[in-house]
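# Architecture and fold: a report
Here is what each chain is made of, one letter per residue.
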Amino acid sequence: MRRRVLFTAGIAAATTAALPGVATASARSAHGRPRRHVVVADDGSGDVASVQAAVDAVPAGNDTPFAILIKPGVYHGQVTVPVDKPLIAFCGLGRDPGDVIITDDRANGTPKPGGGTWGTSGSASVTISGDDVTARNLTFANSFDEAGHPEITNRQAVAVLTRADRLVFEHVRFLANQDTLYVNSPDVATVSRAYFRGCYVEGDVDFIFGRGTAVLDRCEIRSLDRGSTTNNGYVTAASTDVGNPYGFLIAGCRLTGTTLPGTVSLGRPWHPGNDPRASPQTVIRDSHLGAHIAAAPWTDFGTWPWRDARYAEFANRGPGAGSGPDRPQLTPEQAATLTRRAYLAGADGWNPVR
């Protein structure tokens, strides 16, 4: 807890030191410069009362960092960061990531007011389409109640959907059940990168998924119990394009679970719309795997066999770790090339790793 307190204090100090005063985006400092942050508070003590209102206050075509400082509270309602609003930093001002919660409660099958349903992408509590967005010390959640809505069978309920490049999440929690964290890109031909450091992700079915490139670094990834004695879900469902060498890298993480031993798969290969170009890529390395992980941890997805995907492990440990024909392993030479920095560098040499 002490470490988190110091981290949060550092965010607030660094942000307020770099930005003049507390005011809305349209206000100006004593020097005549536009202010570069907004304070969100649900008790009326900030500039705005909702996170979406803060995003709306960011100028379209924003070209310099803009901070959204969020006081402790639970903020309900969908949040959308459009493509023309990059360089936003979401900063929770609580003592812990659980003090600031941004949430919504719709699922794929939830009816829309005008007819139809929301679909998986439309269920997202937060959608990020602007590049160079960061988030620190807060929680993104989808609080859809599966037990309370037995009439809804399409239960995918996304907490965060990313469609942008060079995103950084530090000390952030992602909470939902099915399809918690959707790491995507604007289109199949575009590579979009996201870095998750010291985060917490929980769910049950395919709860880290998509075609984006993602590095989860020193995170806790927690599988929730679905009540099954044989199948309590899948951690990942990458849909990496065949032209992208880097899908998901889980490095230095702890995979934990509340389920029976041996009932959770590490992943299955997602081919959206049966796209034959999908060639899911996931590497799990240098991580602690709990007893909930199955001995044969990769599984088919419909007619798509896991052995055709690009799956591998390296130097994992714990009761859920293992080797053998059902657990492809990297060689040391391969492991030396599949690093955090390699996944994220791209053509621009981006390096958020620290």
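See above for the structure.
So, here's what we can say about the structure. In this text, all values refer to a predicted model and were calculated from it rather than measured experimentally. (Residues numbered from 1 in each chain as written. Predicted model: local features only at pLDDT ≥ 70, side-chain atom pairs only at ≥ 80, totals over all residues. Heavy atoms only, no water.)

Structurally, Gln52 can be placed in helix H2 (residues 51-57). Through-space distance from the C-alpha of Gln52 to that of Thr80 is 6.9 Å; in sequence the pair is 28 residues apart. In this structure, Gln52 is in contact with Gln78, Val79 and Thr80, ignoring residues within four places of it in sequence. (Helix = DSSP H or I, 4+ residues; strand = E, 2+ residues; numbered from the N terminus. Contact = heavy atoms within 4.5 Å.)

Looking at the element boundaries, Gly349 is found in the segment after helix H5 (340-345). Accessibility expressed as a relative area gives 47% for Gly349, which makes it partly exposed. Placed 252 residues apart in sequence, Gly349 and Pro97 show a C-alpha to C-alpha distance of 30 Å. (Buried < 20%, exposed > 50% of the residue type's maximum accessible area, 1.4 Å probe, protein only.)

Here the phi dihedral of His171 falls at roughly 50°; this positive angle occurs in a residue that is not glycine. Among the structural elements, His171 can be located in strand E10 (residues 167-175). With a phi close to 60°, Asn274 is a non-glycine residue in the positive phi region. Here Asn274 is to be found in the loop between strand E20 (265-267) and strand E21 (281-285).

Right, let's talk about the packing of aromatic side chains for a bit. Given two aromatic rings, one states the distance between the centres and the angle between the planes to describe the pair. What the rule picks out here adds up to 10 aromatic pairs. Here the aromatic rings of Phe209 and Trp270 are separated by 5.6 Å at their centres, their planes lie at 55°, and the arrangement is tilted. Of this pair, Phe209 sits in strand E14 (residues 205-210) while Trp270 sits in the loop between E20 and E21; the two residues are 61 residues apart in sequence, bridging distant segments of the chain. Each ring, one from Tyr246 and one from Tyr343, has its centre 4.8 Å from the other, and the planes form 45°; the classification is tilted. One end of the pair, Tyr246, is in the loop between strand E17 (234-238) and strand E18 (248-251); the other, Tyr343, is in helix H5, with 97 residues separating them in the sequence. Relative accessible area serves as the criterion here: at 23%, Tyr246 is assigned to the partly exposed category. An aromatic cluster is defined as three or more aromatic residues linked by ring pairs; in this entry it consists of Phe140, Phe169, Phe174 and Phe196. Here Arg106 stacks its cationic end above the ring of Trp118, 4.3 Å away from the centre of that ring. Its end group placed over the ring of Phe301, Arg268 keeps NZ or CZ at 3.8 Å from the ring centre. (Phe/Tyr/Trp six-rings, centres within 6.5 Å; stacked < 30°, edge-to-face > 60°. Lys NZ or Arg CZ within 6 Å of the ring centre and 35° of its normal.)

Attention now moves to the side chain of Thr139. Assignment of secondary structure puts Thr139 in strand E8 (residues 134-142). Here Thr139 falls in the buried class, since its relative accessible area comes to 0%. The residues contacting Thr139, other than those within four sequence positions of it, are Pro97, Gly98, Val100, Ile101, Ile102, Arg173 and Leu175.

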